Protein chains: 2
Amino acid sequence: MSNSEKGPVREAPVSLTECGAALAIEQVPDRWTWLILREMFYGVSRFADIQTDIGIPKSVLSGRLAQIVENGLAKKEAYRDGSARTRYAYVLTQKGRELAPVILALMQWGDKHIKDGESALSLTDKRTGNPVKIGIVPKGGALPLRWLNYTPVDQPSDVKDG
Amino acid sequence: MSNSEKGPVREAPVSLTECGAALAIEQVPDRWTWLILREMFYGVSRFADIQTDIGIPKSVLSGRLAQIVENGLAKKEAYRDGSARTRYAYVLTQKGRELAPVILALMQWGDKHIKDGESALSLTDKRTGNPVKIGIVPKGGALPLRWLNYTPVDQPSDVKDG
DNA sequence: TTTTCTGAGTTTGACATTTGAACTCTGCTC
DNA sequence: GAGCAGAGTTCAAATGTCAAACTCAGAAAA
């Protein structure tokens, strides 16, 4: 990033109430909320599945899901597993889905700086199969989210795409 | 995003310990840490400046800064304001600076979904002056961070760039 | 020399949140 | 009508947060 270098900066040029980043942080304020959203990106949508996958206490999960729904990041949808009674799944809304670049940027950063360059998920352009990443692009130059394809790299898993 | 749609996903394809995003979240786990990093991106580096800018209790700031330094996101640098005694500033390392795409993606999302499209910061390509954004790009197609220029949009502020 | 000032903390004690375990509620299926 | 399972709620203990008061270092003023 860049600004003029005349003396130390004594305050942010954009206040907390006007800064999109600060406002976004209010809606995704903590570790658990991030991890829950990560699960939802992967398509994990049920209370118990999320709970065991990330090891969150049920009481906390319950509260976080309520916030997530209230903020419009996900919605509670009825589903029926076989002939069992109606249950609920939490699925991302458009607003929630559009957090994907944030999560992916986070992943890219973690892969580079914590995993020393090893990535557990490969991202490609669904049409061409070419690898993609998150980065700075001229306005209008980004690929739409719906062209993004992801495949786990290493461990034999059940999610795959074609 | 995309995966095959045969039944609900019951667990994430990438475990917490292998997922770059999950590992990244461990290093930036909460609201305060995000807000502190936001300050540092803007160049605010002094304890007292960060403290009053985001309204964090000193005791919490002290702890968070220690974590941030320990995780290698920033380093504590001596500085001397005029002839006064040596003091310390917290400045981002390369690792910390490379969180920029995450913060900017967050900002972009907040501007779109919380501020209804109004942005307080305009991002441009430093060489051409053309507007840029964060998005999905073919590998190798992203602009390097050092070409990024940001200018506060509206409020008469002291940070400017040319 | 002693005092004052200021940035950068630490300490304190009241308050809030998180945790894990146990409990509840609901409506199928046996 | 008993058992079961998913999705919670409730509880007490541990942990974290907050605001205010206190400490510490060293330069400068008195």
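Residues numbered from 1 in each chain as written. Chains lettered and ligands numbered in written order. Predicted model: local features only at pLDDT ≥ 70, side-chain atom pairs only at ≥ 80, totals over all residues. Heavy atoms only, no water.

## Quick look at the overall build of chain A
Looking only at helices and strands, chain A has six helices and five strands in total. Each principal axis of the C-alpha distribution contributes one length, and for chain A these read about 70 × 40 × 30 Å. The burial tally for chain A puts 49% of its 162 residues in the buried class. Sequence-distant contacts, at least 24 apart, represent 47% of the contacts inside chain A between residues at least 6 apart. When the accessible surface of chain A is summed, it comes to about 7,700 Å², and 49% of that surface belongs to carbon and sulfur atoms. Separation between the mean location of the 22 positive side-chain charges and that of the 19 negative ones in chain A comes to 4 Å. (Helix = DSSP H or I, 4+ residues; strand = E, 2+ residues; numbered from the N terminus. Buried < 20%, exposed > 50% of the residue type's maximum accessible area, 1.4 Å probe, protein only. Contact = heavy atoms within 4.5 Å. Areas by Shrake-Rupley, 256 points an atom, 1.4 Å probe, with all protein chains shown as cover. Lys, Arg positive; Asp, Glu negative; His and termini not counted. Charge placed at Lys NZ, Arg CZ, Asp CG, Glu CD.)

## Details of the relation of the copies chain B and chain A
Each copy of the sequence occupies a distinct position, and chain B is placed on chain A by a rotation of 180° and an axial shift of 0.0 Å, giving an RMSD of 0.1 Å. Read as a symmetry element, the transformation amounts to a two-fold axis. Nearest to the rotation axis, the C-alpha of Asp 30 of chain B is located 2.2 Å from it, this being the minimum over chain B. Interface overlap between copies is the fraction of interface residues in one copy that are interface residues in the other; for chain B against chain A it reaches 99%, indicating a shared surface. (Least-squares fit on C-alpha atoms with pLDDT ≥ 70 in both.)

## Looking at the domain arrangement of chain A
Residues and elements named next belong to chain A. When cut into domains, chain A gives domain 1 (12-97) and domain 2 (99-162). Of note, the centres of domain 1 and domain 2, computed from C-alpha atoms alone, are 21 Å apart. With ten residues of domain 1 at the contact, the number on the domain 2 side is nine residues. Approximately 740 Å² of surface area, both sides summed, lies buried where domain 1 meets domain 2, with 75% of it carried by carbon and sulfur atoms. (Domains from an automatic or database assignment. Buried area = accessible area lost by both parts, 1.4 Å probe.)

## A look at helix H3 (residues 47-54) of chain B
All names here are of chain B. For H3, every residue scored as buried is listed here: Asp 49, Ile 50 and Ile 54. Seen along its axis, H3 keeps its buried residues to an arc of 100°; they face one direction. Structurally, H3 contributes buried residues whose contacts are with helix H2 (31-41) and helix H4 (58-70). Backbone geometry just after H3 places Gly 55 at a positive phi near 70°. (Arc of directions from axis to C-beta.)

## A few points about the packing of aromatic side chains
A ring pair, where both rings are aromatic, is described by two values, the distance of the centres and the angle of the planes. Residue and element names in this part refer to chain B. Applying the stated criterion across every chain, the model contains three aromatic pairs over all chains. One Lys or Arg, Lys 76, reaches over the ring of Tyr 88 and ends 5.2 Å from the middle of that ring. The ring of Trp 147 has Arg 127 lying over it, and the distance from NZ or CZ to the ring centre is 3.5 Å. (Phe/Tyr/Trp six-rings, centres within 6.5 Å; stacked < 30°, edge-to-face > 60°. Lys NZ or Arg CZ within 6 Å of the ring centre and 35° of its normal.)

## Some thoughts on the interface of chain B and chain A
Across the contact, 85 residues belong to chain B and 84 residues belong to chain A. Here Lys 112 of chain A and Glu 98 of chain B are joined by a salt bridge, their closest N and O atoms 2.9 Å apart. Summed over the shared surface of chain B and chain A, the result is 25 residue pairs in polar contact (both at pLDDT 80 or more). Ranked by residues supplied to the side of chain B that touches chain A, first place goes to helix H6 (residues 100-113) of chain B with 13 residues. Classifying every residue of the side of chain B that touches chain A by side-chain character gives 48 nonpolar, 16 polar and 21 charged. (Salt bridge = Lys/Arg side-chain N within 4 Å of Asp/Glu carboxyl O. Polar contact = N/O pair within 3.5 Å; in protein donor to acceptor, adjacent residues only side chain to side chain. Nonpolar A, V, L, I, M, F, W, Y, C, P; charged D, E, K, R; others polar.)

## Some words on the packing of H2 of chain B against H4 of chain B
Residues and elements named next belong to chain B. Interhelical geometry of H2 versus H4 gives an angle of 75° and a closest axis separation of 10 Å. As the angle between them shows, H2 and H4 are arranged roughly perpendicular. The segment H2 lies against H4, with Trp 32, Thr 33, Ile 36, Leu 37 and Met 40 engaging Val 60, Leu 61, Arg 64, Leu 65 and Ile 68. Looking at the contact of H2 with H4 residue by residue, the class counts come to eight nonpolar, one polar and one charged. (Axes fitted to C-alpha atoms, helices over the stretch in contact; angles between N-to-C directions. Parallel < 35°, antiparallel > 145°, perpendicular 65-115°, else oblique.)

## Comments concerning the protein's contact with DNA strand D
In the vicinity of DNA strand D lie 18 residues, with Lys 58, Ser 62 and Tyr 90 of chain A together with Arg 64 and Arg 85 of chain B positioned nearest. Taking the atoms of DNA strand D that fall within 4 Å of the protein, sugar and phosphate contribute 68% of them. Between a phosphate oxygen of DNA strand D and a main-chain N or O atom of Tyr 88 of chain A, the distance comes to 3.2 Å. One nitrogen or oxygen atom from the side chain of Arg 85 of chain B is found 2.6 Å from a base nitrogen belonging to DNA strand D. At the level of secondary structure, the elements contributing two or more residues to the surface near DNA strand D comprise helix H3 (47-54), helix H4 (58-70), strand S1 (74-80) and strand S2 (86-92) of chain A together with H4 of chain B. Taken together, the residues that form the surface near DNA strand D break down as eight nonpolar, four polar and six charged. (Near = heavy atom within 4 Å.)

## What to know about the pairing of strand S5 (residues 148-152) of chain B
Residue and element names in this part refer to chain B. Burial runs high along S5: five of the five residues are buried. Pairing analysis gives five bridges linking strand S3 (residues 121-125) to S5, with the strands arranged antiparallel. Paired with Thr 124 across the bridge in S5 is Asn 149. (Pairing = 2+ DSSP bridges.)

## Description of the environment of Leu 145 of chain A
For Leu 145 of chain A, the position within the fold is in the loop between strand S4 (132-138) and strand S5 (148-152). Between the alpha carbons of Leu 145 of chain A and Pro 101 of chain A there is a distance of 8.4 Å; along the sequence they are 44 residues apart.

## Looking at the pattern of salt bridges
Residue and element names in this part refer to chain A. Per the counting criterion, the structure on display carries 14 salt bridges over all chains. Between Asp 30 and Arg 64 there is a salt bridge whose closest N-O contact spans 2.4 Å. Taken together, the positions of Asp 30 in the loop between helix H1 (20-27) and helix H2 (31-41) and Arg 64 in helix H4 put the pair 34 residues apart, joining distant regions of the chain. In this structure, Asp 30 and Arg 64 share a single accessibility class: buried.

## Details of a negative patch on the surface
Where like charges cluster on the molecular surface, the negative patch consists of Glu 18 of chain A together with Asp 116, Glu 118 and Asp 154 of chain B. Looking at the secondary structure, you find Glu 118 of chain B in the loop between H6 and S3. (Patch = residues over 30% accessible without salt bridge, like charges linked within 9 Å, V, L, I, M, F, W, Y side chains within 5 Å.)

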